[in-house]
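Coordinate inspection notes
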Amino acid sequence: MTRTRFHQGLDELKEKLLEMGGLAEIAVDKAVDGYRRNDALLCEEVFNLEDKINKAEREIDEMALDLLALQQPMAVDLRFLTACMKINADLERVGDQAVNIAERGIQESKLPQVDLPVDIPRLAGTAAGMVRRALESFVEGRADLADAVLKMDDIVDRMNDDVYLAMVNTMHKDSEHVQQALDALLVARSLERVADHATNIAEDVIFWVKGADVRHHAQELEEKMLAEKAAKENAAKVE
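All of the points below concern the structure found in this document. Predicted model only: the values in this text are computed from it and were never measured. (Residues numbered from 1 in each chain as written. Predicted model: local features only at pLDDT ≥ 70, side-chain atom pairs only at ≥ 80, totals over all residues. Heavy atoms only, no water.)

Our focus in this paragraph is the overall build of the chain. Looking only at helices and strands, the chain features seven helices and zero strands. Moving toward the C terminus, one meets the helices and strands of the chain in the order α-α-α-α-α-α-α. Here the chain, with 239 residues, has 44% of them falling under the buried criterion. For the chain, the proportion of contacts with a sequence separation of at least 24, taken over those separated by at least 6, is 83%. Looking at the chain as shown, the accessible area adds up to about 12900 Å², and 51% of this sits on carbon and sulfur atoms. (Helix = DSSP H or I, 4+ residues; strand = E, 2+ residues; numbered from the N terminus. Buried < 20%, exposed > 50% of the residue type's maximum accessible area, 1.4 Å probe, protein only. Contact = heavy atoms within 4.5 Å. Areas by Shrake-Rupley, 256 points an atom, 1.4 Å probe, with all protein chains shown as cover.)

Here is the structure:
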């Protein structure tokens, strides 16, 4: 495989991954909309989207493995392929979370509609925005956009905590609507997981672009270790 054909393959892989990302975003949007509207038919559309997402995941893995097998990628291309395979897995899991939300929506369609003190659309919009921005950082190869996604994760975590406190309080006060409150808790938890997968994607983009591992504050630990090493070396020189 020539280098030109190899880089064409990388472009095709990126395009396929973006198509899959679009499907995952649509699945989350439909699931949340179906849940809000108590629309079981809309929720069921998510299951068809999941099939397409799963198919895309298999195709992307095959494409990436073929490129790895037929060419010896240079460092940056190897990081790109590694990031693609990991992003692929996270997008598939975003689809899984959409299915979880859709299942709650179908459950809710069988129950009386209740006005709960939660803002699921706001939480959903923030989580979906993280996925969108993470994919944008991937398209443009911009670590700064990816870094902005990492900072948004704390916002979603706080929103999820607020939903938890509100729904626990609702279940204590209103025993007739425990199921609806529990479903809201589960939907919020799924959206928090969507945000986590967006964070993973952003971390993979940073790894591809900068070669830096920022998972679990790995970069901060590395910098701390280097600083400690330098301090010891300076102390030894003084002695």
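Packing of helix 1 (residues 3–37) against helix 6 (residues 178–210) brings their axes to within 12 Å, and their N-to-C directions diverge by 165°. One finds that helix 1 runs roughly antiparallel with respect to helix 6. Crossing of helix 1 over helix 6 shows left-handed handedness. Mapping the contact onto sequence places Lys-14, Val-28, Val-32 and Tyr-35 in helix 1 and Gln-180, Asp-183, Ala-184, Val-187, Leu-191, Val-194 and Trp-208 in helix 6. Residue classes in the contact of helix 1 with helix 6 are distributed as eight nonpolar, one polar and two charged. (Axes fitted to C-alpha atoms, helices over the stretch in contact; angles between N-to-C directions. Parallel < 35°, antiparallel > 145°, perpendicular 65-115°, else oblique. Left-handed = near helix turned anticlockwise from the far one by under 90°. Nonpolar A, V, L, I, M, F, W, Y, C, P; charged D, E, K, R; others polar.)

Further remarks concern the side chain of Glu-92. Position of Glu-92 among the secondary structure elements: in helix 3 (residues 75–108). The buried charged residue Glu-92 lacks any salt bridge partner; its closest oppositely charged side chain belongs to Arg-93, at an N-O distance of 4.8 Å. (Lys, Arg positive; Asp, Glu negative; His and termini not counted. Salt bridge = Lys/Arg side-chain N within 4 Å of Asp/Glu carboxyl O.)

Taken as a whole and assessed by the stated rule, the structure comprises three aromatic pairs. Ring pairing ties together the aromatic residues Phe-80, Phe-138 and Trp-208, which thus form one cluster. Over the aromatic face of Phe-138 sits the side chain of Lys-14, whose NZ or CZ is 5.6 Å from the ring centroid. (Phe/Tyr/Trp six-rings, centres within 6.5 Å; stacked < 30°, edge-to-face > 60°. Lys NZ or Arg CZ within 6 Å of the ring centre and 35° of its normal.)

What follows deals with the nonpolar core. Membership of the largest hydrophobic core comes to 66 residues, with the highest contact counts inside it found for Leu-13, Leu-91, Phe-138, Met-167 and Leu-191. When residues of this core are traced back to their parent elements, those giving at least two are helix 1, helix 2 (40–70), helix 3, helix 4 (120–140), helix 5 (143–173) and helix 6. Tallying contributions element by element places helix 6 first for this core, with 14 residues. Excluding its chain neighbours within four sequence positions, the residues that come into contact with Phe-138 are Lys-14, Leu-17, Leu-18, Phe-80, Cys-84, Ile-87, Val-205 and Trp-208. (Core = buried A, V, L, I, M, F, W, Y, C linked by side-chain atoms within 4.5 Å.)

Throughout the structure, instances matching the rule amount to 13 salt bridges. Between Arg-142 and Glu-140 there is a salt bridge, and its shortest N-O distance comes to 3.2 Å. Note on Glu-140: relative accessible area 41%, which makes it partly exposed. Glu-192 is the salt-bridge partner of Arg-189, the closest N and O atoms lying 2.3 Å from each other. Of the two residues, Arg-189 and Glu-192 both sit in helix 6, three residues apart, roughly one turn of that helix. Judged by its relative accessible area of 43%, Arg-189 falls in the partly exposed class.

The next subject is the layout of surface pockets. With a probe scaled to a water molecule rolled over the atoms, the places where space remains empty come into view. Reported here for the second largest pocket is a volume of approximately 260 Å³. If you go around the second largest pocket, you meet 13 residues; those closest to its centre are Tyr-35, Arg-36, Gln-113, Val-114 and Leu-116. Those elements that provide at least two residues to the lining of the second largest pocket are helix 1, helix 4 and helix 6. Its residues placed into classes, the lining of the second largest pocket shows seven nonpolar, three polar and three charged. (1 Å grid on protein atoms, 1.4 Å probe; cavity = no way out; pocket = protein on both sides within 12 Å on 5 of 7 lines; lining within 4 Å. Points joined across faces, edges and corners; volume = space filled by probe spheres on them.)

The next thing to look at is unusual backbone geometry. The phi torsion of most residues other than glycine is negative, and most of the peptide bonds are trans. Notably, Asn-38 is not glycine yet its phi reads approximately 55°, a positive angle. Looking at the element boundaries, Asn-38 is found in the loop between helix 1 and helix 2.

Right, let's get into a nonpolar patch on the surface. Together, Leu-65, Leu-68 and Leu-78 make up a nonpolar patch on the protein surface, roughly 230 Å² of accessible area in all. Within the fold, Leu-78 resides in helix 3. (Patch = residues over 30% accessible without salt bridge, like charges linked within 9 Å, V, L, I, M, F, W, Y side chains within 5 Å.)

Relative to the elements of secondary structure, Arg-36 occurs in helix 1. Along the chain, Arg-36 and Glu-108 lie 72 residues apart, while their C-alpha atoms are 8.9 Å from each other. Residues contacting Arg-36, with those up to four places away along its chain left out, are Gln-113 and Pro-121.

So far we have only geometry, and geometry alone does not tell us how the molecule works.
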